[in-house]
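Examining the three-dimensional arrangement
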Amino acid sequence: MYKVILCLVTVLNIAALSAQKSTLKFNTNGKFKIVQFTDVHYKVDDQANSQIALDRMNEVLDAEKPDFVIFTGDIVVSNESFKGFDTVLDVCIKRNISFGLVFGNHDDEYDRTRLELYDYIAKKKGSLMPVRTGDVAPDYVLTIKSSKDKNKDAALIYCVDSHSYTQIKSVPGYDWIKFEQIAWYREQSRNFTKENGGTPLPALAFFHIAFPEYRDAVMEEKNRLFGVRGEGVACPTANSGFFTSIKECGDIMGTFVGHDHDNDYAVMYKEVLLAYGRYTGGNTVYNDIANGARVIILQEGERKFDSYIRLADGKIESQISYPTSF
């Protein structure tokens, strides 16, 4: 059965890999900039309290001019979901910025299913989400090409669905990244490492709900923390082992999540950076910190990156460099 699952995952991977719609590439200075927006919580029926999210996203994109934008879940939280996504994603589309998206636990609680939302967004101009081939919203990996060789992969961006709520009554709370997804990640990582002569490519991973190691990391007093820790880690109560596979594969340098609106901190755990984005939404849901975005700048050919939080009026907080800041 395990071999059957791996074969199926591999087939889906090939389709996903071949579906990257445009090329992401390091610039001539060997840098690649990502902006992470998370928990936009846009409501079509509450324009007054949603507008601050749009204002902030527009301000951030004008200031940063990123190469890529990733939305990490809970983007539209009202009926007329398609109309809401049209409005939110237009901040990228009108600037011709490529983007990706993973869902949170609230996106599909209204008038559209997860699959309907995925298919709608995947067809939008600038979306790098691959065409869906199965009956789930797929995980996908995006390649960033070298500035010196257009045929060479220089870094990876893994986009992973962390689902919503557990279906197992004896394990209540939030769901977890599944075995099939971890097998998919391991196969992807193995293939890219092999193609790179046995050396893992520098990689980042984005999903919505933190895994339990986020909680473990802040419980170790020796771990230095940068940013705001305004609430606990709302993670699954069961651990499916994704972090262990990250360590075994050796490619992912950092993971970036959302979900916990009053957290935007970054902490090193066993040489992997575990970070939150900055809450991007308006006043449609709880929030006790000013909204903004996380910025990540990769350096070609090196296992390091810089990151910081950008807020209103050009304010920047929590500047870090991986791994030297830790």
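Residues numbered from 1 in each chain as written. Predicted model: local features only at pLDDT ≥ 70, side-chain atom pairs only at ≥ 80, totals over all residues. Heavy atoms only, no water.

Here we look at the nonpolar core
Here is the rule we go by: Side-chain atoms within 4.5 Å are what join buried Ala, Val, Leu, Ile, Met, Phe, Trp, Tyr and Cys residues into a set we call a nonpolar core. Burial classes: relative accessible area under 20% of the type maximum marks a residue as buried, over 50% as exposed, and values in between as partly exposed (1.4 Å probe, protein chains only). Secondary structure elements are taken from DSSP: a helix is a run of H or I of four residues or more, a strand is a run of E of two residues or more, and numbering for both begins at the N terminus. In this description, contact between two residues means that some pair of their heavy atoms is separated by no more than 4.5 Å.
Of all hydrophobic cores here, the largest spans 64 residues; its most connected members are I34, F71, I157 and L298. Broken down by element, the residue count for this core peaks at seven residues, all from helix 3 (residues 81–93). Beyond its immediate sequence surroundings of up to four residues, I157 is in contact with L24, F32, I34, F68, Y140, V141, L142, I144, L204 and F206. Among the nonpolar cores identified, the runner-up in size contains 32 residues, and W184, F192, V233 and Y269 belong to it.

So, the pattern of salt bridges
What counts here: When a carboxyl oxygen of Asp or Glu lies within 4 Å of a side-chain nitrogen of Lys or Arg, that pair is called a salt bridge.
Using the criterion set out here, one finds 19 salt bridges in the structure. Here D119 ties to R132 by a salt bridge, and the two come within 2.5 Å at their closest N and O atoms. A residue pair is termed long-range when its members are at least 10 positions apart, and D119 in helix 4 (residues 114–122) and R132 in the loop between helix 4 and strand 5 (140–145) qualify at 13 residues. With relative accessibility at 23%, the residue D119 sits in the partly exposed group. Residues E187 and R190 are paired through a salt bridge, measuring 2.6 Å at the closest nitrogen-oxygen approach. Residue E187 and its partner R190 are located together in helix 5 (residues 179–195), separated by three residues, close to a single helical turn. Judged by its relative accessible area of 45%, R190 is partly exposed. Each of D264, R278, K315 and E317 takes part in one network of salt bridges that share partners.

Quick notes on helix 3
We apply this condition: The span one expects for a helix is its residue count, reduced by one, times 1.5 Å.
For helix 3, which comprises 13 residues, the first-to-last C-alpha distance of 17 Å matches the rise-based estimate of 18 Å (1.5 Å per residue) to within 8%. S81, F82, G84, F85, V88, L89, V91, C92 and I93 are the residues of helix 3 that are buried. Of the surrounding elements, those touching the buried residues of helix 3 are helix 2 (47–64), strand 3 (68–72), strand 4 (98–102) and helix 4.

Thoughts on the sheet that holds strand 12 (residues 293–299)
Note the following rule: Pairing between two strands requires that DSSP report at least two bridges joining them. Angles shown run from 0 to 180 degrees and are taken between the N-to-C directions of axes, each axis being a line fitted to C-alpha atoms and, for helices, limited to the stretch in contact.
Read across the sheet, six strands follow the order 4-3-2-12-13-14 without closing on themselves; strand pairing throughout is mixed. Strands at the two margins of the open sheet, each flanked by one partner only, are strand 4 and strand 14 (316–322). Averaged over all pairs of adjacent strands, the angle between their axes in this sheet comes to 20 degrees, without regard to strand direction. The pairing of strand 2 (residues 31–37) with strand 3 spans four bridges and is parallel. Across the sheet, the residue bridging to F37 is F71, located in strand 3.

Some points on the packing of aromatic side chains
Using the following cut-off: Any two rings among Phe, Tyr and Trp, with Trp reduced to its six-membered ring, count as a pair given centres within 6.5 Å; such a pair is stacked if its planes are under 30 degrees apart, edge-to-face if over 60, and tilted if neither.
Counting across every chain of the model gives 20 aromatic pairs. Seen in terms of ring centroids, F211 and F242 are 6.1 Å apart; in terms of plane orientation they differ by 70 degrees. Their pairing is edge-to-face. Highlighted residues: F211 in the loop between strand 7 (203–206) and helix 6 (213–219) and F242 in helix 7 (residues 242–249), separated in sequence by 31 residues. With respect to burial, F211 and F242 carry one shared label: buried. Taking the centre distance of 5.1 Å and the plane angle of 80 degrees together, the rings of F226 and F326 count as edge-to-face. Taken together, the residues span a long stretch of sequence, with F226 in strand 8 (residues 225–226) and F326 in the segment after strand 14 at a distance of 100 residues. Within the aromatic cluster, the residues linked to one another by ring pairs are Y158, W184, Y185, F207, F211, Y214, F242, F243, Y265, Y269 and Y276.

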